[in-house]
Amino acid sequence: MNNNPVQTIGKIIGVRKTGFYSVISIACAGIAETARPGQFVTVAVGGENSSMLLRRAFSIASVDDRSSYGGVIDIVVSAEGPGTRWLASRKRDDSLDLVGPLGKPYPIPKNPVATVLVGGGYGAANLPWLGKVLIQRGCRLDSIYGAATDLKVYGQLEARRIGGSLTITTEDGSLGTMGRVTDVLPDVMSKHNAAVVYACGPMPMLSAVAQIAQDNGAIAQVAVEEAMACGIGVCMTCVLPIIDENGITKMTRSCISGPVFDAAQVRFADINKLPSDVYGADAMGGH
Amino acid sequence: MVGTSLRGSGPANAPIDSLLVDSSTQLGSVRIPAPVFTASGCAASGQGLDNFFDIAAIGGIVTKSIMLRARSGRATPRMAETPSGMLNGIGLQGPGIDDFLENDLAWLQARKVRTVVSIAGNTVEEYGRVARRLRELDWLTAVEVNISCPNVESRGQVFACDAAASAAAITEVRRALTSNTPVIAKLTADVTDIVGIARSVIDAGADGVAMINTLLAMSIDLDQMRPVLSGGTGGLSGPAIRPVAVRAIWQVHAEFPNLPILGMGGVRSGADALEMILAGASAVSVGTTIFNDPSAPWRIQRELREELGKRGFGKLTDAIGHAHTVFEASK
Ligand SMILES: Cc1cc2nc3c(=O)[nH]c(=O)nc-3n(C[C@H](O)[C@H](O)[C@H](O)COP(=O)(O)O)c2cc1C
Ligand code: FES
């Protein structure tokens, strides 16, 4: 079950740059206390009369529920459009309208198995916190974080603090191993006989991770970043073709049934398509 | 009514404490204790909003348009943000009427939420078949008929764009339901003569109209150089379309002053809701704004009472169409 989300006005207690990204720490009662790794918040952007109506979704990078500010969450913002640029330019003491925690968290293994975290760009934002939980559970942890270039790699510091091995990849070779996270994943997995891979990042990366996990007989839990208008399950914009427990593919809302899915349920090749065997596709004539 | 005309010409009546403002309203013969509804397709069946406010305390939930069979909806991308608005092309994803009755409607009834069921069809006959499944449900507040659907028997021409097709769908629905269930025809402003369409659905037995549905629109992705939405075109909603909605409500109210109108299209605040009521709406629906602010229906209901009180309206019903009175008096 999802825990109940709240809408609340949070207060920014710090903004720090890390490479290409801004990490915003927000004091917000009611979210930090119940949030778990993999869940996300949505943030209204542009102020009260903003012409940008759609809230932006951010995975919760970490929580601190014992800070002197009350509950605090961190989000990692990649300023790429007008909404995220507005957010990245916020200052300490500014207010933000937040809704969360939303979505389903990463499932945590019952037994202390070997696990691998794979993060692409700012997709790595929610993984160090997950790693901390996995280590507390006694799991072996290997992290692979990558991006196109060094400034876009997130999580080096955080990963070092948590422990386990860390491999960095960049496509241009500016940091770590030249190449992609998926180039090094098979070796990391087989070295310690990984049972579960957790991944967050762009869809093609998740699709490749899913394939590698399957080839290695491991489970992959992937957190998707699908475009969302509402984040709370009421608009139907964020759907993916997901295979349910009866083997039927349904257009499934990633905001409330995800954002974390067992990769074996996700029909990656059919994203942005409407395959004829999807439940209800036969009724689509006309529209 | 003396107070009303005074307000039109002279200075406004003395402000009234918003807590004393009676914001109950009438949709035809039905009294509604609160004036703000959710717009169809923007609240699913209400469950997702119940975390943010008491959904039984607003006018009601208008459910996502339901059709006879389960529908997958369109491929993604299904939406695009636009200035003060958004485009959507969901394709009426839904579980089909049977599953909807068993799950969504059962939940709404148990939760004691005033409910308007929005229905849609591909053919005139299908509108009737969906409506018949609702016939025994005398607890429903109303049935809203989304006629912005392509008519497969008329080369995909949208029902709501043709007076005869609109009337045929409404006649069929009216016949399928008992007279206890009000029928609200949902109109589009993408027509040359919305008053003519309104007349045809009134003649066909509609008890009221809801307007406006989204406006047909398109965004093009400049990187891929193709339309953003998988279906090419989509529906524009949000504050960007509000002046179009106000105009449509104004025109229809001018012609049919006693017709209940459920106004919608970009309502974001109590002031926006008041604008629609002054133009002739008896109640409003809030759609896209919910995505921006999930507690908006509740907030707007409170703000609307304040806006009415500030202008000396003790009763919401006194404000319905009031801008017409003032406008006429000023001529
Ligand atoms: C995502 C989305 C889905 C919608 N689905 C429906 C629908 O199923 N049936 C319907 O009659 N209108 C539907 N609408 C239209 C709204 O009910 C409303 O008429 C329109 O969006 C204008 O109001 P707004 O600007 O407050 O959203 C939808 C609108 C949006 C944004
Ligand atoms: S984002 Fe609206 S249903 Fe998922």
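Residues numbered from 1 in each chain as written. Chains lettered and ligands numbered in written order. Predicted model: local features only at pLDDT ≥ 70, side-chain atom pairs only at ≥ 80, totals over all residues. Heavy atoms only, no water.

## Quick word on the overall build of chain B
1) Next: Scanning chain B from terminus to terminus reveals 11 helices and 18 strands.
2) Next: Taking 20 Å as the expected radius of gyration for a compact globule of 331 residues, we find that chain B reaches 19 Å, a close match to that expectation.
3) Next: When the 331 residues of chain B are sorted by exposure, 61% land in the buried category.
4) Next: Element-wise, carbon and sulfur atoms account for 52% of the exposed surface of chain B, whose accessible area totals about 12,600 Å². (Helix = DSSP H or I, 4+ residues; strand = E, 2+ residues; numbered from the N terminus. Rg over C-alpha atoms; globule rule 2.2 N^0.38 Å. Buried < 20%, exposed > 50% of the residue type's maximum accessible area, 1.4 Å probe, protein only. Areas by Shrake-Rupley, 256 points an atom, 1.4 Å probe, with all protein chains shown as cover.)

## Thoughts on the overall build of chain A
1) Next: The helix and strand tally for chain A stands at 5 helices and 16 strands.
2) Next: For chain A, the C-alpha radius of gyration of 19 Å lies close to 19 Å, the compact-globule estimate for 287 residues.
3) Next: Each principal axis of the C-alpha distribution contributes one length, and for chain A these read about 55 × 50 × 40 Å.
4) Next: Counting over 287 residues, chain A shows a buried share of 56%.
5) Next: Restricting the contact set of chain A to residue pairs at least 6 apart, pairs at least 24 apart contribute 63%.
6) Next: Within the structure as shown, chain A displays about 12,000 Å² of accessible surface, and the carbon and sulfur contribution to it stands at 49%.
7) Next: Charge centroids of chain A, computed over 25 positive and 25 negative side chains, lie 5 Å from each other. (Contact = heavy atoms within 4.5 Å. Lys, Arg positive; Asp, Glu negative; His and termini not counted. Charge placed at Lys NZ, Arg CZ, Asp CG, Glu CD.)

## Regarding the environment of A:Ser51
1) Next: Within the secondary structure, A:Ser51 sits in the loop between β3 (40-43) and β4 (56-59).
2) Next: Here A:Ser51 falls in the partly exposed class, since its relative accessible area comes to 37%.
3) Next: Spatially, the C-alpha atom of A:Ser51 lies 34 Å from that of A:Gly146, the residues being 95 residues apart in sequence.
4) Next: Leave out the neighbours within four places in its chain, and A:Ser51 touches B:Thr82, B:Pro83, B:Ser84 and B:Gly85.

## Some points on the interface of chain A and chain B
1) Next: Between chain A and chain B, the contact holds 41 residues from the first and 43 residues from the second.
2) Next: Approximately 3,400 Å² of surface area, both sides summed, lies buried where chain A meets chain B, with 59% of it carried by carbon and sulfur atoms.
3) Next: Seen at the junction of chain A and chain B, the total is 17 residue pairs in polar contact (both at pLDDT 80 or more).
4) Next: Looking at side-chain class alone, the side of chain A that touches chain B contains 23 nonpolar, 12 polar and 6 charged residues. (Buried area = accessible area lost by both parts, 1.4 Å probe. Polar contact = N/O pair within 3.5 Å; in protein donor to acceptor, adjacent residues only side chain to side chain. Nonpolar A, V, L, I, M, F, W, Y, C, P; charged D, E, K, R; others polar.)

## Comments concerning the pattern of salt bridges
All names here are of chain A.
1) Next: Applying the stated criterion across every chain yields a total of 23 salt bridges over all chains.
2) Next: Where Arg140 meets Asp142, a salt bridge forms, and the shortest distance between an N and an O atom there is 2.6 Å.
3) Next: With a relative accessible area of 3%, Asp142 lands in the buried category.
4) Next: Look at the salt bridges and you will find they share partners, linking Arg267, Asp270 and Asp277 into a network. (Salt bridge = Lys/Arg side-chain N within 4 Å of Asp/Glu carboxyl O.)

## Considering the site of ligand 1
Residue and element names in this part refer to chain B.
1) Next: Taken together, 21 residues surround ligand 1, and among them Ser40, Ser65, Gly238, Gly266 and Thr288 come closest.
2) Next: Between ligand 1 and the protein, one listed contact pairs a nitrogen atom with a side-chain N or O atom of Ser65 at 2.6 Å.
3) Next: For ligand 1, whose accessible area on its own is 600 Å², the fraction buried by protein is 98%.
4) Next: Its residues assigned to classes, the shell around ligand 1 shows 6 nonpolar, 13 polar and 2 charged. (Near = heavy atom within 4 Å.)

## Regarding the packing of aromatic side chains
All names here are of chain A.
1) Next: Inspection of every chain in the model, using the stated rule, returns 6 aromatic pairs over all chains.
2) Next: A ring pair is formed by Tyr21 and Tyr154, whose centres lie 6.5 Å apart and whose planes are at 65°; its orientation type is edge-to-face. Taken as a pair, Tyr21 in strand β2 (residues 21-27) and Tyr154 in the loop between β9 (140-147) and α3 (156-162) lie far apart in primary sequence, 133 residues in all. The same class applies to Tyr21 as to Tyr154, namely buried.
3) Next: One aromatic cluster is present, formed by Phe20, Tyr21, Tyr122 and Tyr154 through successive ring pairs.
4) Next: Above the ring of Trp86, the side-chain terminus of Arg90 is found at 4.0 Å from the ring centroid. (Phe/Tyr/Trp six-rings, centres within 6.5 Å; stacked < 30°, edge-to-face > 60°. Lys NZ or Arg CZ within 6 Å of the ring centre and 35° of its normal.)

## Details of helix α2 (residues 97-110) of chain B
Residues and elements named next belong to chain B.
1) Next: If you check α2, its first and last C-alpha atoms are 18 Å apart, about what 14 residues at 1.5 Å a residue would give, namely 20 Å.
2) Next: The largest bend in α2 is about 30°, located at Asp104.
3) Next: Burial in α2 covers these residues: Ile97, Phe100, Leu101, Asp104, Leu105 and Leu108.
4) Next: Where the residues of α2 are buried, they touch β4 (61-62), β7 (115-119) and α3 (124-132).
5) Next: A positive phi of about 60° marks Lys112, the residue just after α2. (Expected span 1.5 Å × (residues − 1). Bend = angle between axes of the 7 residues up to and from the residue.)

## Digging into the sheet that holds strand β1 (residues 6-18) of chain A
Residue and element names in this part refer to chain A.
1) Next: Read across the open sheet, the 7 strands follow the order β4-β3-β7-β1-β2-β6-β5; overall the sheet is antiparallel. Both outer strands of the open sheet, β4 and β5 (62-64), are each paired with one neighbouring strand and no more. The sheet shows a mean angle of 35° between the axes of neighbouring strands, taken without regard to direction.
2) Next: Where β5 lies against strand β6 (residues 72-77), 3 bridges are found, and the strand directions are antiparallel. When the sheet's bridge partners are listed, Asp64 is paired in β6 with Val72. (Pairing = 2+ DSSP bridges. Axes fitted to C-alpha atoms, helices over the stretch in contact; angles between N-to-C directions.)

## With respect to empty space enclosed by the protein
1) Next: Taken as a whole and judged by the stated rule, the model has 1 cavity of 30 Å³ or more.
2) Next: In this model, the largest cavity occupies a volume close to 50 Å³.
3) Next: Class assignment of the residues belonging to the lining of the largest cavity gives a composition of 4 nonpolar, 2 polar and 1 charged. (1 Å grid on protein atoms, 1.4 Å probe; cavity = no way out; pocket = protein on both sides within 12 Å on 5 of 7 lines; lining within 4 Å. Points joined across faces, edges and corners; volume = space filled by probe spheres on them.)

## What about the sheet that holds strand β11 (residues 177-178) of chain A?
All names here are of chain A.
1) Next: Strand order in the open sheet formed by 7 strands is β11-β10-β9-β8-β12-β13-β16, and the pairing between neighbours is mixed. Among the strands making up the open sheet, the edge pair consists of β11 and β16 (260-262).
2) Next: Bridging between strand β8 (residues 114-120) and strand β12 (residues 196-200) involves 5 bridges; their strand directions are parallel. The partner of Val116 across the bridge, within β12, is Val197.
3) Next: Set on the sheet, helix α2 (residues 127-136) makes contact with β8, β9 and β12; between it and β8 the angle comes to about 175°.

## Some points on the nonpolar core
1) Next: Core analysis: the largest hydrophobic core is formed by 118 residues, its most contacted members being B:Ile119, B:Leu134, B:Ile147, B:Leu187, B:Met211, B:Val252 and B:Phe291.
2) Next: Two domains each put at least three residues into this core: domain 1 (6-102) and domain 3 (226-287) of chain A.
3) Next: Those residues in contact with B:Ile147 that sit more than four places away from it in its chain are B:Tyr127, B:Val158, B:Phe159, B:Ala160, B:Ser166, B:Ala169, B:Ile170, B:Lys186, B:Leu187 and B:Val201. (Core = buried A, V, L, I, M, F, W, Y, C linked by side-chain atoms within 4.5 Å. Domains from an automatic or database assignment.)

## Section: the side chain of B:Gln93
1) Next: Mapped onto the elements, B:Gln93 comes out in the loop between β6 (85-88) and α2.
2) Next: Residue classification places B:Gln93 among the buried positions, given a relative accessible area of 10%.
3) Next: Within the structure, the side chain of B:Gln93 is placed 2.8 Å from the backbone oxygen of A:Met251, a separation counted as a polar contact.
4) Next: When near neighbours in sequence (up to four residues on either side) are disregarded, B:Gln93 contacts A:Met236, A:Val239, A:Met251, B:Lys64, B:Arg71, B:Ser72, B:Gly73 and B:Arg78.

## Observations regarding the domain arrangement of chain A
Residues and elements named next belong to chain A.
1) Next: Assigned domains within chain A: domain 1 (6-102), domain 2 (117-223) and domain 3 (226-287).
2) Next: In this assembly, 8 residues from domain 1 lie in contact with 7 residues from domain 3.
3) Next: In total, about 520 Å² of surface goes out of reach between domain 1 and domain 3, with carbon and sulfur atoms giving 72% of it.
4) Next: Counting only elements with at least two residues in the side of domain 1 that touches domain 3, the list comes to β3 and β7 (95-102).

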